Amino acid sequence: MSNTPMAANPLTRAVLEIDEYASGLGWDQPARLFALVDTAQLRAQEPALAAQLGLGDEPDAAGLTPIEQDEIPTDKPLDEFLGTIAWPEAVAGCALTVERLMLPPTAEAQVPDDLDEAALAKWVARHPERQEVRMTVAVLRDGARDAALRLREKDSPTEVLTGSELVPGLAEALAATFAD
């Protein structure tokens, strides 16, 4: 049984379920991509797969089931990889979990102007105020989005921050995978 708290909507529940799964794998993990499918449709159209995923006959007809996809290639920038994805109609949404270093807004003024992307990454990695964060971002075809953020230093289910506007750039990139 999942320890994921009950959330107000199926998308938030899916984001928290993926966050819990990623948390169980530990830190320093590669990015992971998930298809989000309507649980009731999955049970009806693919009963063997639903059984394999342990969905049984729970009454949660409004739920979303995350299905992890193949590994994300590490030899290509994430935004380029996301630009190559197209989802079949059976996929209601998608989610991505990725770890990054972030700085507080107060550190933005300290960033040197002349750094390329690699040098900037090294600078951030050495900054004393850096935070390791795991972001789980999900979007649906209809435009709904949600995200969960977990700091490594506060690695607890009760310390996970959720909200639809937490990682807007990544949410936009995921939404673009559903564009025609």
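One can find the structure itself at the top, above this paragraph.
Residues numbered from 1 in each chain as written. Predicted model: local features only at pLDDT ≥ 70, side-chain atom pairs only at ≥ 80, totals over all residues. Heavy atoms only, no water.

Asker: Can you explain the environment of M102? Please cite residues and give values.
Answerer: By the element assignment, M102 lies in strand β3 (residues 93-102). Of the residues examined, M102 reaches a relative accessible area of 37% and is grouped as partly exposed. Distance in space between the C-alpha atoms of M102 and R130 is 5.6 Å, their sequence separation being 28 residues. Apart from residues lying up to four places away in sequence, M102 is in contact with E129, R130, Q131, V133 and L151. (Helix = DSSP H or I, 4+ residues; strand = E, 2+ residues; numbered from the N terminus. Buried < 20%, exposed > 50% of the residue type's maximum accessible area, 1.4 Å probe, protein only. Contact = heavy atoms within 4.5 Å.)

Asker: Describe the nonpolar core, listing the residues and the values that go with them.
Answerer: In terms of nonpolar packing, the biggest core is built from 28 residues, with L33, W87, L96 and L174 touching the most fellow members. Secondary structure elements with two or more residues in this core: β1 (32-38), α4 (78-82), β3, β4 (131-140), β5 (145-151) and α6 (168-175). Residue contributions to this core peak at four residues, all from β4. Not counting residues within four places of it along the chain, the set of residues in contact with L96 comprises A31, R32, L33, I72, L78, M135, T136, V137, L170 and L174. Counting residues in hydrophobic clusters, the runner-up holds 13 residues, among them A14, I18, L140 and V160. (Core = buried A, V, L, I, M, F, W, Y, C linked by side-chain atoms within 4.5 Å.)

Asker: Can you break down the pattern of salt bridges residue by residue, with the values?
Answerer: The tally for this structure, following the rule as stated, stands at eight salt bridges. In this structure, R152 and E132 form a salt bridge, with 2.7 Å as the shortest nitrogen-oxygen distance. With R152 in the loop between β5 and β6 (161-163) and E132 in strand β4, the pair connects residues that are 20 residues apart, well separated along the chain. Taking relative accessible area as the criterion, E132 reaches 30% and is therefore assigned partly exposed. Several salt bridges converge on common partners, so that one network encompasses D19, R150 and D155. (Salt bridge = Lys/Arg side-chain N within 4 Å of Asp/Glu carboxyl O.)

Asker: Describe in detail the pairing of β3, supporting the description with residues and values.
Answerer: With respect to burial, β3 is a largely interior element, seven of its 10 residues being buried. Bridging between β1 and β3 involves five bridges; their strand directions are antiparallel. Counted as the bridge partner of L33 is L96 from β3. Bridge count between β3 and β4: 10 bridges; the pairing is antiparallel. Its bridge partner being in β4, M102 is matched across the sheet by Q131. (Pairing = 2+ DSSP bridges.)

Asker: Talk me through the sheet that holds β5; I want residue IDs and the actual numbers.
Answerer: Strand-to-strand pairing in sheets goes through backbone hydrogen bonds, with the strands running parallel or antiparallel. Read across the open sheet, the six strands follow the order β2-β1-β3-β4-β5-β6; overall the sheet is antiparallel. What marks the edges here is a single partner per strand, and that holds for β2 (64-68) and β6. Across the sheet, the axes of successive neighbouring strands diverge by a mean angle of 20 degrees, strand direction being ignored. Strands in contact with helix α1 (residues 10-25) are β1, β2, β3, β4, β5 and β6; relative to β5, the strand with the most contacts, it is inclined by about 30 degrees. (Axes fitted to C-alpha atoms, helices over the stretch in contact; angles between N-to-C directions.)

Asker: Give a detailed account of a negative patch on the surface, specifying residues and quantitative values.
Answerer: Side chains of D79, E80, D116 and E117 sit close together on the surface and give a patch of like negative charge. Relative to the elements of secondary structure, E80 occurs in helix α4. Residue E80 is classed as partly exposed on the basis of its relative accessible area of 48%. (Patch = residues over 30% accessible without salt bridge, like charges linked within 9 Å, V, L, I, M, F, W, Y side chains within 5 Å. Areas by Shrake-Rupley, 256 points an atom, 1.4 Å probe, with all protein chains shown as cover. Lys, Arg positive; Asp, Glu negative; His and termini not counted. Charge placed at Lys NZ, Arg CZ, Asp CG, Glu CD.)

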